[in-house]
Amino acid sequence: MERKGQSEIITFVMLGTVVVSLVGAAYMWGAPLTEKRSSLAESESVVAFFNVLNSKIKEMAQTCTGSCTETLEISQRGVFTAFNNAQYYLDQAGPAVKWFEFNNSVVLNTSAARNVYALDRWIGTNTGNIGYSANFGEQEGVLMVKMSKNPAGNYEAVYKLWYREVDTPNKGFRIDLEAGPVQSATSGRISITFGGRYVVAGGAANGKDLEISRVKINFI
């Protein structure tokens, strides 16, 4: 009887060890999968937010003929920043202003539990063509994302809604952003205001006239 009791105890201990091992393995594989799904859902939410912002900016640039202002509630976590079109200021102020990575864009810097895109390169989410200019009918507002891993091992994501030139055989079009007095924010609202429309003779990439619509981005 004693040996039988000892055998039962040993069997119970072994079964307990197996159960603990299985639970540990499930957590080891399940936690990253859960984090990946959470990061993917968050990324899809950010992309949807930028799609709404892009639609508002494009509609205003194309249809406003006077004084137009719209706002969009910030619903994403992270830091939003608006960047001027450097070319406009280059034309106005001379060579002191140079082109830079976030030229003519609205940017969100945020964190992620896992990477859902390839690391360390810009990836277009609404178009595969992320060239400097494109044919009319392609995306004028290009939404891109770049994910990276910092020295601490945490993932960071940068989303960029960037406006480029689109051309027909006879004319070019571009939206130029102007950052307002408040150029970055983590909450509140994004204000979108029409700043006028003008034409630069021969200013398009194909040598035709370039029609520019100016849109002011501010945070309130």
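Residues numbered from 1 in each chain as written. Predicted model: local features only at pLDDT ≥ 70, side-chain atom pairs only at ≥ 80, totals over all residues. Heavy atoms only, no water.

Asker: Looking at this structure, I do not really get the environment of Ser 133. What am I missing?
Answerer: Relative to the assigned elements, Ser 133 resides in strand S5 (residues 133-135). Assessed through its relative accessible area of 30%, Ser 133 is described here as partly exposed. A C-alpha to C-alpha distance of 5.8 Å links Ser 133 and Arg 164, two positions 31 residues apart in sequence. When residues no more than four places from it in sequence are discounted, the contact partners of Ser 133 are Arg 164, Glu 165 and Ala 205. (Helix = DSSP H or I, 4+ residues; strand = E, 2+ residues; numbered from the N terminus. Buried < 20%, exposed > 50% of the residue type's maximum accessible area, 1.4 Å probe, protein only. Contact = heavy atoms within 4.5 Å.)

Asker: In this structure, what is going on with the sheet that holds strand S2 (residues 79-83)? I would like to understand it.
Answerer: In a beta sheet, neighbouring strands are held together by backbone hydrogen bonds and run either parallel or antiparallel to one another. The 6 strands are arranged S4-S6-S7-S3-S2-S10 in an open sheet whose pairing can be described as antiparallel. Strands with a single pairing partner mark the edges of an open sheet, and in this sheet they are strand S4 (123-124) and strand S10 (184-185). In this sheet, strand S7 (residues 155-163) lies alongside strand S6 (residues 141-149) in antiparallel orientation, the contact comprising 9 bridges. Looking at S7, one finds that Lys 149 is bridged to Tyr 155. (Pairing = 2+ DSSP bridges.)

Asker: Explain the pattern of salt bridges to me, please; I cannot follow it from the model alone.
Answerer: A side chain of one charge can pair with a side chain of the opposite charge if their charged atoms are brought near each other. According to the stated counting rule, one finds 7 salt bridges in the structure shown. Put simply, Arg 77 and Glu 42 hold a salt bridge, and the shortest N to O gap is 2.7 Å. Note that Arg 77 is positioned in the loop between strand S1 (69-73) and S2 and Glu 42 in helix H1 (residues 2-63), a separation of 35 residues in sequence. Residue Arg 77 is classed as partly exposed on the basis of its relative accessible area of 41%. (Salt bridge = Lys/Arg side-chain N within 4 Å of Asp/Glu carboxyl O.)

Asker: Quick question: what am I supposed to make of unusual backbone geometry here?
Answerer: Even without being a glycine, Asn 104 presents a positive backbone phi close to 60°. Relative to the elements of secondary structure, Asn 104 occurs in the loop between helix H2 (86-93) and strand S3 (105-112). Unlike most non-glycine residues, Asp 120 shows phi in positive territory, near 65°. For Asp 120, the position within the fold is in the loop between S3 and S4.

Asker: Would you explain the side chain of Arg 164 in this entry?
Answerer: Position of Arg 164 relative to the elements: it lies in the loop between S7 and strand S8 (165-167). Buried charge without a salt bridge: Arg 164, with Glu 138 as the nearest opposite-charge side chain at an N-O distance of 4.2 Å. Among the polar contacts listed, one links the side chain of Arg 164 to the backbone oxygen of Gly 131, at a separation of 3.0 Å. (Lys, Arg positive; Asp, Glu negative; His and termini not counted. Polar contact = N/O pair within 3.5 Å; in protein donor to acceptor, adjacent residues only side chain to side chain.)

Asker: Even after reading the chapter, I still don't get the environment of Ser 38, so can you show me in this structure?
Answerer: Inspection of the secondary structure assignment puts Ser 38 in helix H1. Between the C-alpha atoms of Ser 38 and Val 116, which are 78 residues apart in sequence, the distance is 9.9 Å.

Asker: Please explain the packing of aromatic side chains as it appears in this structure.
Answerer: Two descriptors summarise a pair of aromatic rings, namely the distance from one centre to the other and the angle between the planes of the rings. Counted under the stated rule, the structure contains 6 aromatic pairs. Measuring from ring centre to ring centre gives 5.9 Å for Phe 50 and Phe 80, while their planes differ by 45°; the resulting arrangement is tilted. Residue Phe 50 is located in helix H1, and its partner Phe 80 is located in strand S2; the two are separated by 30 residues in the primary sequence. Connected via pairs of aromatic rings, a cluster forms that spans Phe 49, Phe 50 and Phe 80. Against the face of Trp 122 rests Lys 160, its NZ or CZ located 4.2 Å from the ring centre. (Phe/Tyr/Trp six-rings, centres within 6.5 Å; stacked < 30°, edge-to-face > 60°. Lys NZ or Arg CZ within 6 Å of the ring centre and 35° of its normal.)

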